[in-house]
Amino acid sequence: MAANTIFFMIFSLVAIISGFVMITRRHPLSAALSLVVTFISLAGLYGLLAAKLLFIIQILVYAGAIMTLVIFSIMLLNVQEEDLPAEERIIERVSITTLILLPMIYIIGRSFTVIKDGQFPEVSQDFGTIHSVGMFLFTTYSFPFEVISILLLISLLGVVVLAKRRI
Amino acid sequence: MESFGRIGFMLFLAFIVPTIALVLSRFLQPRFVTASKIQTYECGIKPYGSAWVQFNIRYYIYALIFVVFDIETVFLYPWAVAFKGLGLFAVIEMFLFLTILLVGFAYAWKKGALDWH
Amino acid sequence: MTLTLYHYLIVAALLFCMGMYGIITSKNAVRVLMSMELALAGVSINFVAFSNYITPAALTGQIFTIFIMTVSAAEAGVGLAIIFNVYKNFKTVDMDKIDLMKW
């Protein structure tokens, strides 16, 4: 078994198990911490797919910044254990989710017959490096890049407006 | 794949060093448990209240501004690495990007979201 | 056993389904937001895997993933600010109790 496969198994198992822990824990803080573990192991999967920039970004932005924001807001809300909404009727909810996800599962099943050969083609040495992503991002995708800045601006303005009203 | 070897090594070190420290101290430490020793450490004073204190919401704006500029760094990084091959157009692009983000920062500043009263 | 596209698709699908489950079943608003992040992460894995599979010369999927991350950061920021305001007005984060707009 190649080293790639072993690493893939480790990372995907950790990602799935901690994702499962995330959706089953009742307290949001333990859910958030296991979500951090999921994101870090997903960074490992990106690394296996030769996406070197994404590997960094995943750790820096997702595990670093976004999860800080989430954990921070859990501390801000300071919901006590007894104030947490009760999660009852598990079987009902699982079955409803399965019903909603059925088309999705069908499409996934179909993709295995549609995609005949799942073999990855050989990628060049500079695929996914920071340099090549930069060259691609600032030439072909220059317009979406500018739009992203407007999106960030809007989110910043929105939060200032929403958070200013509090007192 | 080779470039991840060093990261893997660092990860390995980061796991092994605290493990050794914890395991070693477990065997070496003398253990005399008293009630005041096992209570939570809080700067030397007697702990009071819950550990779950509610943060001020003002911190949230700082946290969000941190996230926004973190993402800006994410875009600056490939820009800086690929700078030589990109030419003048990329400079203008990044200038626009930074200007738009700075508008948001100036707005937050002007609105007094960064003030601490 | 060599790694194929299928392996990544399975992982991505599992993560997405777990995220969907969280979105549908959670009552805590913060957890709904976190589940959304999980579902987005599953989608991102798909994008990166297909980027390797379909276009080994171009990096379209990876660029998409960078944009997804940015959008999810913005979404988390505004979403959490909205949850704060809801919490201030209702003193709860229970999604079932926030029903002023429900007829």
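Small disclaimer: the values here were computed from a predicted structure and weren't measured.

What counts and what doesn't
- Residues numbered from 1 in each chain as written.
- Chains lettered and ligands numbered in written order.
- Predicted model: local features only at pLDDT ≥ 70, side-chain atom pairs only at ≥ 80, totals over all residues.
- Helix = DSSP H or I, 4+ residues; strand = E, 2+ residues; numbered from the N terminus.
- Rg over C-alpha atoms; globule rule 2.2 N^0.38 Å.
- Buried ≥ 20, exposed ≤ 12 C-beta atoms within 10 Å, placed from the backbone.
- Contact = placed C-beta atoms within 7 Å.
- Nonpolar A, V, L, I, M, F, W, Y, C, P; charged D, E, K, R; others polar.
- Axes fitted to C-alpha atoms, helices over the stretch in contact; angles between N-to-C directions.
- Parallel < 35°, antiparallel > 145°, perpendicular 65-115°, else oblique.
- Core = buried A, V, L, I, M, F, W, Y, C linked by C-beta atoms within 7 Å.
- Domains from an automatic or database assignment.
- Expected span 1.5 Å × (residues − 1).
- Bend = angle between axes of the 7 residues up to and from the residue.
- pLDDT = per-residue confidence, 0-100.

How would you summarise the overall build of chain B if you had to cite specific residues and measurements?
Regarding its fold elements, chain B presents four helices and zero strands. Seen in sequence order, chain B has helices and strands lined up from the N terminus as α-α-α-α. For 117 residues, the compact-globule formula gives about 13 Å, and the C-alpha radius of gyration of chain B, at 24 Å, lies well above that figure. For the C-alpha atoms alone, the extent of chain B along its principal axes is close to 70 × 50 × 15 Å. With 117 residues in all, chain B has 19% of them scored as buried.

How would you explain the overall build of chain A if you had to name every residue and give the values?
Scanning chain A for helices and strands turns up six helices and zero strands. Taken from N to C terminus, the helices and strands of chain A fall in the order α-α-α-α-α-α. Whereas a compact globule of 167 residues would reach a radius of gyration of roughly 15 Å, chain A reaches 20 Å, over 25% beyond that. Dimensions of chain A, computed from the C-alpha atoms along their principal axes, are close to 55 × 40 × 30 Å.

Got a sec to walk through the interface of chain A and chain C? Specific residues and values, please.
Across the boundary between the two partners, chain A contributes 72 residues, which contact 61 residues of chain C. When contributions to the side of chain A that touches chain C are tallied by element, the ones reaching two or more residues are α1 (3-24), α2 (28-48), α3 (52-77), α4 (90-114), α5 (130-137) and α6 (142-164) of chain A. Residues that form the side of chain A that touches chain C fall into these classes: 55 nonpolar, 14 polar and three charged.

Can you tell me about the interface of chain B and chain A, naming the residues and giving the values?
With 38 residues of chain B at the contact, the number on the chain A side is 36 residues. In terms of residue count, helix α2 (residues 58-81) of chain B provides more of the side of chain B that touches chain A than any other element does, 17 residues in total. Partitioning the side of chain B that touches chain A into residue classes produces 31 nonpolar, four polar and three charged.

Explain the packing of α2 of chain B against helix α4 (residues 88-110) of chain B residue by residue, including any values.
All names here are of chain B. Relative orientation of the contacting elements α2 and α4 amounts to 175°, with a least axis distance of 12 Å. The angle between α2 and α4 falls in the class roughly antiparallel. Where α2 approaches α4, its residues I61, I65, V68, E72, F75 and W79 are matched on the opposing element by A90, M94, F97, L101, F105 and A108. Of the residues contributing to the contact of α2 with α4, the split by class is eleven nonpolar, no polar and one charged.

So what about the packing of α6 of chain A against helix α3 (residues 60-90) of chain C? Which residues, and what values?
α3 of chain C packs onto α6 of chain A with a crossing angle of 10° between their chain directions and a minimal axis gap of 9 Å. When the axis of α6 of chain A is compared with that of α3 of chain C, the two are roughly parallel. Every residue of α3 of chain C that contacts α6 of chain A at P144, I148, L151, L152, S155, G158, V159, L162 and A163 of chain A is listed here: F67, T70, V71, A74, G77, V78, A81, I82, F84 and N85 of chain C. Taken together, the residues of the contact of α6 of chain A with α3 of chain C sort by class into 14 nonpolar, five polar and no charged.

Explain the nonpolar core residue by residue, including any values.
Counting 100 residues, the largest nonpolar core has I66 of chain A, L64 of chain B together with I45 of chain C as the members making the most contacts within it. With 14 residues, α3 of chain A is the single largest residue contributor to this core. Here this core gathers at least three residues from each of two domains, domain 1 (1-81) and domain 2 (125-167) of chain A.

An account of the environment of G87 of chain B is needed here, citing residue identities and associated values.
Among the structural elements, G87 of chain B can be located in the loop between α3 (83-86) and α4. The spatial distance from the C-alpha of G87 of chain B to the C-alpha of K37 of chain B is 64 Å, given a sequence separation of 50 residues.

Help me get a handle on the domain arrangement of chain A, residues and values and all.
Residue and element names in this part refer to chain A. We note that the domain assignment places domain 1 (1-81) and domain 2 (125-167) within chain A. Computed from C-alpha coordinates alone, the two centres of domain 1 and domain 2 are separated by 22 Å. In this assembly, four residues from domain 1 lie in contact with five residues from domain 2.

I'd like to hear about unusual backbone geometry, residue by residue, with values.
All names here are of chain A. For A50, which is not a glycine, the phi torsion comes out positive at approximately 65°. Residue position: A50 is located in the loop between α2 and α3. By C-beta crowding, A50 is classed as buried, having 23 other C-beta atoms within 10 Å.

So, α3 of chain A: which residues are in play, and what are the values?
Residue and element names in this part refer to chain A. In a regular helix each residue adds 1.5 Å, so 26 residues correspond to 38 Å; α3 covers 36 Å between its end C-alpha atoms and thus fits that length. At M67, α3 shows its strongest bend, of approximately 35°. Positive backbone phi, at 55°, marks N78, one or two positions downstream of α3.

With reference to specific residues and values, describe the confidence of the model for chain B.
Residue and element names in this part refer to chain B. When pLDDT is averaged along chain B, the result is 83; 91% of the residues meet or exceed 70. When the elements of chain B are averaged for pLDDT, α3 gives the smallest value, 84, and α4 the largest, 90. Predicted complex metrics record ipTM = 0.89 and pTM = 0.86.

Quick rundown of α5 of chain A? Include the residues and the values.
One turn of an α-helix holds 3.6 residues; hence residues three or four places apart share an orientation. Those residues of α5 of chain A not exposed but buried are S132, V133, G134 and L137 of chain A. In the core, the buried residues of α5 of chain A are packed alongside α3 and α6 of chain A, α2 of chain B together with α3 of chain C.

Account for the environment of E93 of chain B, naming residues and giving values.
Turning to its location among the elements, E93 of chain B is positioned in helix α4. By the C-beta count within 10 Å, which is 21 here, E93 of chain B ends up buried. For the pair E93 of chain B and K46 of chain B, spaced 47 residues apart in sequence, the C-alpha to C-alpha distance is 56 Å. In this structure E93 of chain B touches F138, S142, F145 and E146 of chain A, once residues within four positions along its chain are discounted.

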